[in-house]
Amino acid sequence: YKKRRVAFQFAYLGWNYSGLAIQNFGVTVMQKLMDAFEKARLIEDRISCDFTVCGRTDKGVSALGQVVSLVVRSALVSGLGIVDDSGTAINERPSIPDVELDYVFLLNKLLPPDIRILAWSPVGADFSARYSVFFFYNCLRFTCCQRSYTYFIPCSGLDITMMAEAAKRLEGTHDFRNFCSINLEHELPVFVRRIDSVLVRLEDTSVMCDPTTMCEISITGSGFLYHQVRCIVALLVTIGRGYESPSLIDDLLDIEKTPAKPQYQMAADYPLILMGAEYPPGSLSWETSEAARFELVRHFQKLWSEHAIRYVCPLFNLAILRFFARARTSKVLLDHVEGSLHLNSSLISAGCRFVTNVLNVRGTRLAR
């Protein structure tokens, strides 16, 4: 077989993994991904495949549009990304197929449920999913033009207007040394990065006072420093809760005024998602077979159902308590539980309808 340089777009839920990159401890996303490539006999080993990944994500962080590039086995003998000096000669092949291997379908059969390949694309020999290793005016020149992250947080107690005002001050090219963590295992990085947009918005603007409404913080930029997104979110939340004013962002961006990073706790990992990455036009042409696309839709529907049921299950117990609540003391206790869980009326009604169907209670109205 010939070898071919291919880029893969994949998604994963990072809650059960110790980050993306392979480490000496814990199970990582890349470890599971490489296991699948080896089981499918698409690579000989993890060193010679020459893989690069778009952006490293921390423990607990998920991704919907992560990209990795590496050299894999190919069924073709010519085309974009084919390594000429690999595999057997054409005249030694018993037959030459005209269709490439179905990488997406093949790999997804070997991956755990919370990791899925979405598409693949042939790429040139000089393609890197992350960046080209050279400097341009003291800044890294990335092959990946843009990355997008989204962070979800309940809007309860947050001043969205103040957060949006502070977020706008982050846009542009700045020195973000006060907005990141410094990894002492590596050389001192270049702190200059470009942030194209920072948007703070509500998931549903019609229920602004509902504590269950989620606030979305979307950040798009050329590249990010270690823990930069989580540090930015922590500062925006601090401003949204009224502890600081939006001018805090200006003070931290002013290196002369604030030469060292102040002590503050960065935001949690699990609400953060790498939404996608942008590359130069024409560098990628994503492909997914019909069979692989059908399996992806079926799989994600099943995955969504499982998580939705786990979310709604606590409502079932609450509805059962409501059904059997007769005494005033029971009702007071139930109201307290509902208030402490911040459950809205639609969710309670859904739980009540479920209990009604299960118990086959006819003519009994389960009022909130």
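Up top is the structure.
Below, the structure is looked at part by part. Keep in mind it's a predicted model, so treat the numbers as computed, not measured.

1. Thoughts on the overall build of the protein
- When its secondary structure is counted, the protein shows 8 helices and 12 strands.
- Counting every position in the protein, which comprises 368 residues, the buried fraction comes to 43%.
- Long-range pairs, those at least 24 residues apart, make up 75% of the contacts in the protein with a sequence separation of at least 6.
- For the protein, the exposed area adds up to about 20,200 Å²; of that, 56% sits on carbon and sulfur atoms.

2. Looking at the environment of Asp98
- With respect to the helices and strands, Asp98 occurs in the loop between strand S4 (82-83) and helix H2 (103-108).
- Here Asp98 falls in the exposed class, since its relative accessible area comes to 71%.
- Between the C-alpha atom of Asp98 and that of Ala75, which follows or precedes it by 23 residues, the distance is 8.0 Å.

3. Quick look at the nonpolar core
- Core analysis: the largest hydrophobic core is formed by 71 residues, its most contacted members being Phe8, Phe37, Leu70, Val72, Phe179, Ile217 and Leu236.
- The element best represented in this core is helix H4 (residues 228-240), accounting for 8 residues.
- In terms of domain composition, this core takes at least three residues from each of domain 1 (3-138) and domain 2 (145-277).
- With residues up to four places along the chain from it excluded, the contact list for Ile217 reads Tyr149, Thr150, Tyr151, Met163, Leu199, Val200, Val233 and Leu236.
- The next biggest cluster of nonpolar side chains, apart from the first, holds 9 residues, and it includes Ala7, Val67, Val123 and Tyr279.

4. Focus on the packing of aromatic side chains
- Counting across every chain of the model gives 7 aromatic pairs.
- Geometrically, the ring pair formed by Phe127 and Tyr279 is tilted, given 5.4 Å between the ring centres and 40° between the ring planes. Note that Phe127 is positioned in the loop between strand S5 (115-122) and strand S6 (135-136) and Tyr279 in the loop between strand S12 (272-278) and helix H6 (290-324), a separation of 152 residues in sequence.
- Put simply, the rings of Phe8, Phe37, Tyr103 and Trp120 pair up and form one aromatic cluster.
- Between Lys261 and the ring centre of Tyr264, over which it is positioned, the NZ or CZ distance is 4.9 Å.

5. Some points on unusual backbone geometry
- A positive phi angle is found at Arg41, which is not glycine, with a value near 60°.
- Relative to the helices and strands, Arg41 resides in the loop between helix H1 (29-39) and strand S2 (52-53).
- A positive phi angle is found at Asp50, which is not glycine, with a value near 55°.
- Here Asp50 lies in the loop between H1 and S2.

6. Here's the deal with the pattern of salt bridges
- Tallied over the entire structure, the rule returns 15 salt bridges.
- Residue Glu165 is joined to Arg169 by a salt bridge in which the shortest nitrogen-to-oxygen separation is 3.0 Å.
- We note a salt bridge from Asp196 to Arg194, for which the minimum N-O separation is 2.6 Å.
- Assessed through its relative accessible area of 29%, Asp196 is described here as partly exposed.
- Among the ionic contacts, a cluster of salt bridges with common partners joins Asp35, Glu38 and Arg46.

7. Section: the pairing of S12
- Of all 7 residues in S12, 5 are buried, a share of seventy percent or more.
- Both strand S3 (residues 62-74) and S12 contribute to a ladder of 2 bridges, which runs parallel. Among the inter-strand pairings, Ser62 is bridged to a residue of S12, identified as Ile273.
- As defined by bridge partners, strand S8 (residues 146-154) adjoins S12 across 6 bridges and the pair is classed as antiparallel. Along S12, the bridge assignment pairs Tyr151 with Leu272.

8. Notes on the side chain of Arg5
- Inspection of the secondary structure assignment puts Arg5 in strand S1 (residues 2-12).
- Look at Arg5 and you get buried, because its relative accessible area is 6%.
- Here Asp50 takes part through its side chain, which lies 2.4 Å from a polar atom of the side chain of Arg5.
- Sequence-distant contacts of Arg5, that is, excluding residues within four places in its chain, are made with Asp50, Ser69, Leu70, Val71, Gly81, Pro122, Val123, Gly124, Ala125 and Phe127.

9. A short note on the pairing of S3
- Most of S3 is tucked away: 12 of the 13 residues are buried.
- Inspection of the sheet shows S1 paired to S3 by 10 bridges, in the antiparallel sense. Within S3, the position partnered with Lys3 by the bridge is Arg73.
- Alignment of S2 against S3, held across 2 bridges, turns out to be antiparallel. By the bridge assignment, Thr52 is partnered in S3 with Ser69.

Thresholds, definitions, all that
Residues numbered from 1 in each chain as written. Predicted model: local features only at pLDDT ≥ 70, side-chain atom pairs only at ≥ 80, totals over all residues. Heavy atoms only, no water. Helix = DSSP H or I, 4+ residues; strand = E, 2+ residues; numbered from the N terminus. Buried < 20%, exposed > 50% of the residue type's maximum accessible area, 1.4 Å probe, protein only. Contact = heavy atoms within 4.5 Å. Areas by Shrake-Rupley, 256 points an atom, 1.4 Å probe, with all protein chains shown as cover. Core = buried A, V, L, I, M, F, W, Y, C linked by side-chain atoms within 4.5 Å. Domains from an automatic or database assignment. Phe/Tyr/Trp six-rings, centres within 6.5 Å; stacked < 30°, edge-to-face > 60°. Lys NZ or Arg CZ within 6 Å of the ring centre and 35° of its normal. Salt bridge = Lys/Arg side-chain N within 4 Å of Asp/Glu carboxyl O. Pairing = 2+ DSSP bridges. Polar contact = N/O pair within 3.5 Å; in protein donor to acceptor, adjacent residues only side chain to side chain.

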